[in-house]
Amino acid sequence: MAGVRFWREIQSRYNLVGVKCGNCGTIDFPPRPLCLKCHRESVGKMEPYQLSGLGEVVSYTIVHDAPKHLSMQVPYVLAIIKMEEGPSLTGQILDMDPKDVKIGMKVRATLRRVSEESPSGVIYYGYKFVPL
Amino acid sequence: MREVAVIGIGVTKFGELWDKSYRELAIEAGLLAMKDAKISSEDIDAMYLGNMSAGRLVEQEHVGALAADYAGLVTRNVPSTRIEAADASGGLAFRHGYLAVASGMHDIVVVGGAEKMTDANDMQVVETLASSSDVEWEAFFGGTLPALFAMMARRHMHEYGTTKAQLASVAVKNHKHGMKNPNAQFRNEIKVDAVVKATMVADPLGLFDCSPLSDGAAAVILCPLDKAKKYTDKPVKVIGSGQASDMLALHDRKSLTSISSTVAAAKRAFEQAKKKPSDIDVAELHDSYTIAEIISIEDLGFSKPGEAAKGVENGEFSLGGRLPINTSGGLKARGHPLGATGVAQVVEIVHQLRGTAGERQVKDAKVGLTHNLGGTGGTAVVHIFERA
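Residues numbered from 1 in each chain as written. Chains lettered and ligands numbered in written order. Predicted model: local features only at pLDDT ≥ 70, side-chain atom pairs only at ≥ 80, totals over all residues. Heavy atoms only, no water.

### A closer look at the pairing of strand β6 (residues 88-93) of chain A
Residues and elements named next belong to chain A. Cut-off, in case you're wondering: Per-residue accessibility, obtained with a 1.4 Å probe over protein chains only, is compared with the maximum for each type, and a residue is labelled buried under 20%, exposed over 50%, and partly exposed between these values. Each helix is a run of H or I in the DSSP string that is no shorter than four residues. Each strand is a run of E no shorter than two, and both are numbered from the N terminus. Here, a strand pair is defined by DSSP locating no fewer than two bridges between the strands.
For β6, a buried count of six out of six residues is recorded, marking the element as mostly surrounded by other parts of the structure. Relative to β6, strand β5 (residues 76-83) is paired through six bridges, and the arrangement is antiparallel. Bridge assignment links Ile81 to a residue of β6, and that residue is Leu89. Once β5 ends, the chain turns through four residues before running back antiparallel as β6, passing Gly86 with a positive phi of about 125 degrees.

Structure, rendered in structure tokens:
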């Protein structure tokens, strides 16, 4: 991925900035241009909204076979996390034994290195999760 | 809308076909289908080609034109369209061919599906498969395609008590069926224990829970039903065609144990066909991962939610069972050349409804169904067929 492609998403990947619909109040992450409930009514009314970073595990897997940019990290725990504001997202869980990860477990987001383009290339940061 | 029939089918061997190029595979399947329908390239009005990722896998885009060129259709400037919806590309190309004939725009249409996966290295393939998910918000954070299906499997286990051995029984069944298919990539029996103990890919899915990397192509010829008897004694009618979308990212879905695109596409196809799940005699489902077949059986209404895994384990969906599923070997054993799969599914169902499926023939099959998913289900395509 080229650098600029990553920069565009920094607010969301570093600070969990999603959107709140100014029409119905629904919070979504990552930002989307239209509210899925209000459709046209939401045009121009989607405001940035920062998530707290707290959520719980809906499902998870332990990944043993990963693309090159993540191959140094295998095996890693990948999970779907339902955030307390409503939206769900996908991220790694770390700082614990993968065997102890459970559905329903409470986690919080933390900023970590996600991957790097090459040994001397751009480093990509983003959210990962740790147990509460 | 005109009624539409399949009058010709062709499929190559699936597998690691080192000596065959992308274009050779596509043309081989097309020529087999044309021979089967007893037509020549001068009879063809349009071509639709399902292909997921020739650009990544063989560094060739514009494969619609490539196929028309090498099939000889180019001398009459026949329109040729490549259709892409990840690994639902083949099923979706079939739908577009069907719509073209049904609408009256074209009479004789060839629908192909082709993919060449073994010219790329394994890493490129992993990344290509992951690109059918949401690249910015799933793949970037480590979401591979098997990892996403693994999270569906884990949730299915959590909600319904589905076991790893039950997932394995999908692979065991499909390998057993694949043994009877001369074109299948794998024609060996495997045991539940071997599937359960296989190298982990994304826990709880092991290597044998995953469909393989494959090369292969398939093609079918469509025409209006009222002209079908001119070409074949055994036309097969397309009686229902349904397509639907779902949230691209798995984490945005309401449920991880049901794919709403399958449910919606099936509803549309069943309504058009005026059939219900219990009318289906044989079906080809999208078992890209073992859990995908379990969830699809439930979403298509062949089992109640949470009961498909037990059904597979008890042989309900094996040859000889109440509804044989993936008699071809499915994606698991026949092989899964991404864009070819949806068309190969149609080839198998046409064989079954013609009564030409050989050792794997379902006795007196009259109505058949195909189900093709793109990625984790952002696209689903369902077709229903009947012996004319």
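### With respect to a nonpolar patch on the surface
What counts here: Every patch collects residues that have over 30% relative accessible area and no salt bridge, joining them within 9 Å if they carry like charges and within 5 Å if they are nonpolar side chains (Val, Leu, Ile, Met, Phe, Trp, Tyr). Where accessible areas are quoted, they stem from the Shrake-Rupley method and a 1.4 Å probe; at the residue level, only the protein chains shown are allowed to cover. Just to be clear on terms, a salt bridge is a Lys or Arg side-chain nitrogen sitting within 4 Å of an Asp or Glu carboxyl oxygen.
There is a patch of nonpolar side chains on the surface, built from Tyr14, Leu111 and Tyr125 of chain A and spanning about 260 Å² of accessible area. Of note, Leu111 of chain A is situated in strand β7 (residues 106-116).

### Structural notes on the interface of chain A and chain B
What counts, and what does not: By definition, residues are in contact when any of their heavy atoms lie within 4.5 Å. Each of two parts loses accessible area, computed with a 1.4 Å probe, when they are put together; buried area is these two losses added. In protein, a polar contact means a hydrogen-donor-capable atom and an acceptor-capable atom, both N or O and within 3.5 Å, with residues adjacent in sequence counting only if both atoms are side-chain atoms; elsewhere, any N or O pair within 3.5 Å suffices. Under the grouping applied here, Gly and all other residues not named as nonpolar or charged are polar, the nonpolar ones being Ala, Val, Leu, Ile, Met, Phe, Trp, Tyr, Cys and Pro and the charged ones Asp, Glu, Lys and Arg.
Tallying the contact residues gives 38 residues for chain A and 28 residues for chain B. Summed over both sides, the interface between chain A and chain B buries roughly 2900 Å², with carbon and sulfur atoms accounting for 64% of that surface. Between the two partners, chain A and chain B, sit three salt bridges. Connecting chain A to chain B are eleven residue pairs in polar contact (both at pLDDT 80 or more). Taken together, the elements giving at least two residues each to the side of chain A that touches chain B come down to α1 (3-7), α2 (10-15), β4 (54-63), β5, β6 and β8 (123-131) of chain A. Looking at the side of chain A that touches chain B residue by residue, the class counts come to 22 nonpolar, ten polar and six charged.

### Quick notes on the domain arrangement of chain B
It is common to report an interface's size as the accessible area lost on association of the parts. Residues and elements named next belong to chain B. This is how it is decided: Domain ranges listed in this record stem from an automatic or a database domain assignment.
As assigned here, chain B comprises domain 1 (4-121 + 214-236) and domain 2 (127-211 + 239-387). For domain 1 and domain 2, the distance between their C-alpha centres works out to 23 Å. Listed per partner, the contact involves 45 residues of domain 1 and 42 residues of domain 2. With both sides pooled, the region where domain 1 packs onto domain 2 buries about 3300 Å², and carbon together with sulfur makes up 64% of that total. Of all residues in domain 1, the largest losses of buried area upon contact with domain 2 belong to Phe14, Asp87 and Val236, amounting jointly to 22% of the total for that side. Counting every contact that joins domain 1 to domain 2 gives one salt bridge. The salt bridge partner of Asp36 is Arg354, with a shortest N-O separation of 2.8 Å. The tally of links from domain 1 across to domain 2 stands at 17 residue pairs in polar contact (both at pLDDT 80 or more). Looking at the side of domain 1 that touches domain 2, the elements that each hand over two or more residues are β1 (4-11), α2 (54-57), α4 (89-102), β4 (109-116) and β7 (215-224). With seven residues, α4 is the single largest residue contributor to the side of domain 1 that touches domain 2. When its residues are assigned to classes, the side of domain 1 that touches domain 2 shows 22 nonpolar, 14 polar and nine charged.

### A few points about the nonpolar core
Soluble, globular proteins show a tendency: their nonpolar side chains are buried together. Residues and elements named next belong to chain B. Applicable threshold: Take the buried residues of types Ala, Val, Leu, Ile, Met, Phe, Trp, Tyr and Cys, join any two whose side-chain atoms come within 4.5 Å, and each joined set is a nonpolar core.
Core analysis: the largest hydrophobic core is formed by 63 residues, its most contacted members being Ile280, Ile291, Phe302, Leu369 and Ile384. With nine residues, helix α6 (residues 145-160) is the single largest residue contributor to this core. Looking at which domains feed residues into this core, each of domain 1 (4-121 + 214-236) and domain 2 (127-211 + 239-387) gives three or more. Sequence-distant contacts of Ile384, that is, excluding residues within four places in its chain, are made with Lys237, Val238, Ile239, Gly240, Ala269, Phe270, Ala273, Ile280, Val367, Gly368 and Leu369.

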